[in-house]
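The chain contents come next:
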Amino acid sequence: RDSDECTLRTHMSLLDASCIRVIAESVGIAQVSDEVAEALAPDVEYRLRDIVQEALKFMRHGRRETLTCDDINFALRARSCDPLYGYSGTDPPRFCRAKGTQDVYYLDDAELNLADLMAVPLPSMPRPPRFTAHWLAVSGVQPDVAENPTSAEALAAAQPARAAASKRKRGGGNGGGDELNGDEALLGQAKQVLWAEQQVWLEKLFEIIRASKPAAPQPAAPQPAGGGGGAAMEVVGEGAAAPATSHPGGEAAVAASRAAGISLDSSAERAEAEAAQRRDAEAEGGHEAALGSALRSVAREPSMHAYAPYLCQFVESEVQRNLQCLPMLFALMRLLRGVLSN
């Protein structure tokens, strides 16, 4: 029975005693007894199967169908073993059958002459990286420098867009009509169309920015001829007729103010000026809050690239109109800072 089990195990195994003796001779062990070879064969086969199964896991995780040398090396590292050196090439190893045998193979390694390898000239050194700066466009005109494309290259690059535009126009029912030129085709591709909500938001932003400009001062009222510093009422003496005056306090308030020598019109003007200052301060505080909220929205808006052409045009026109208005220029600078920080 023991002999039958040994025979069955020998037939099921891939490695036998002869393979162990060949492996031992390849590493310098000349004589290995049959008992030692038969005892080592199952253990060597078990460890080989373990390494191959672990390598197959790496192959499946890599979504590949071919087992590579790198998978075997990964499996060896997972089992705390040294990787195999010299088999990490992209080409699979080629095994050749030994002459006169049927189950003996060897690795076909090409023999290289070291003298020939040393005679091969070295490859040229790569050029070091360098950076140069040039003007891409000046005032909308592209300068004629070596870094920029020539006019012929620009026309050749615009030819596909021109052909596509003309094809779309012919396909739209305008067969035989005028074709779009290259500039119109390029402008049509670069055009940014804003939705109604985006236009409303942009107009509101422009309105808030324009509100930063202070209101023009009102012209002063003309002074009456012969008036003493603008006093509309003088203290009258005895026997003089007092001018008719309407005051919320009635005649008693008029008499008290005359006795004190105070002009009713000047006190009313001061009260009105103080109220106007309070209203201006409240309006300025509300405008500053609205301006800050609008600029924060500009700095955080994800789709600000769609508004960039309109904002640039708005800033350019407003700067030209308000060169002497520092509050307006400061608001425009804050707007540009929000656009740049987006």
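Model, not experiment: these values are computed from the prediction.

Basis of the calculations
- Residues numbered from 1 in each chain as written.
- Predicted model: local features only at pLDDT ≥ 70, side-chain atom pairs only at ≥ 80, totals over all residues.
- Heavy atoms only, no water.
- Helix = DSSP H or I, 4+ residues; strand = E, 2+ residues; numbered from the N terminus.
- Contact = heavy atoms within 4.5 Å.
- Phe/Tyr/Trp six-rings, centres within 6.5 Å; stacked < 30°, edge-to-face > 60°.
- Buried < 20%, exposed > 50% of the residue type's maximum accessible area, 1.4 Å probe, protein only.
- Core = buried A, V, L, I, M, F, W, Y, C linked by side-chain atoms within 4.5 Å.
- Patch = residues over 30% accessible without salt bridge, like charges linked within 9 Å, V, L, I, M, F, W, Y side chains within 5 Å.
- Areas by Shrake-Rupley, 256 points an atom, 1.4 Å probe, with all protein chains shown as cover.
- Salt bridge = Lys/Arg side-chain N within 4 Å of Asp/Glu carboxyl O.
- pLDDT = per-residue confidence, 0-100.
- Axes fitted to C-alpha atoms, helices over the stretch in contact; angles between N-to-C directions.
- Parallel < 35°, antiparallel > 145°, perpendicular 65-115°, else oblique.
- Left-handed = near helix turned anticlockwise from the far one by under 90°.
- Nonpolar A, V, L, I, M, F, W, Y, C, P; charged D, E, K, R; others polar.

**A few points about the side chain of S212**
- For S212, the location among the structural elements is in the loop between α8 (196-210) and α9 (250-260).
- Contacts of S212, omitting those with residues within four sequence positions, involve H287, L291, P327, M328 and A331.

**With respect to the packing of aromatic side chains**
- This model, assessed by the stated rule, comprises three aromatic pairs.
- Aromatic pair F58 and F74: ring centres 5.6 Å apart, planes at 45°, arrangement tilted. Here F74 lies in helix α4 (residues 69-78) and F58 lies in helix α3 (residues 34-61), a separation of 16 residues in the sequence.
- Look at F206 and F314: their rings are 4.1 Å apart centre to centre, the planes differ by 10°, and that puts the pair in the stacked class. You can see F206 sitting in helix α8 and its partner F314 sitting in helix α11 (residues 308-321), a full 108 residues away along the chain. Here F206 and F314 have matching classes, each one buried.

**Points about the nonpolar core**
- Among the nonpolar cores identified, the biggest contains 21 residues, and L205, I209, L311, F314 and L335 are the most heavily contacted of them.
- Among the secondary structure elements, those contributing two or more residues to this core are α8, α10 (264-300), α11 and α12 (326-341).
- Take this core: its biggest share by element is five residues, from α8.
- Leaving out residues up to four positions away in the same chain, L205 has contacts with A294, V298, L311 and L335.
- Grouped together as the second largest cluster of nonpolar side chains are six residues, A17, A24, A37 and A41 included.

**Brief notes about a nonpolar patch on the surface**
- On the surface, L112, L114, L117 and M118 cluster together into a nonpolar patch covering about 500 Å² of accessible area.
- With respect to the helices and strands, L117 occurs in helix α5 (residues 114-119).
- Under the relative-accessibility criterion, L117 is labelled partly exposed at 48%.

**Some remarks on the confidence of the model for the protein chain**
- Model confidence for the protein chain is summarised by a mean pLDDT of 74, while 66% of its residues fall at 70 or above.
- Segment residues 173-190: pLDDT under 50, and 17 contacts once partners within four positions in sequence are set aside and those in other chains are kept.
- Contacts from residues 226-248, a stretch scored under 50 in pLDDT, to residues over four places away or in other chains number 18 contacts.

**Some details on the packing of α11 against α12**
- Across the interface, α11 lies against α12 with an axial gap of 10 Å and an inter-helix angle of 160°. The orientation of α11 with respect to α12, classified from their angle, is roughly antiparallel. Considering how the two elements wind past one another, α11 and α12 form a crossing that is left-handed. Only M328, L329, L332, L335, L336 and V339 of α12 make contact with α11, whose side of the interface consists of L311, F314, V315, E318 and V319.

**Remarks on unusual backbone geometry**
- Positive phi outside glycine occurs at R63, with the angle close to 55°.
- Locating R63 in the fold gives a position in the loop between α3 and α4.
- Of note, the phi angle at S80 is positive, near 60°, even though the residue is not glycine.
- Structurally, the position occupied by S80 is in the loop between α4 and β1 (95-97).

**What about the packing of α8 against α12?**
- It is the contact of α8 with α12, at a shortest axis distance of 9 Å, that shows an interaxial angle of 140°. The angle between the axes of α8 and α12 places the two elements in the oblique class. Contact with α8, carried on its side by L205, I209 and R210, involves M328, A331, L332 and L335 of α12 and no other residues of that element.
- Within the contact of α8 with α12, the residues separate by chemical class into six nonpolar, no polar and one charged.

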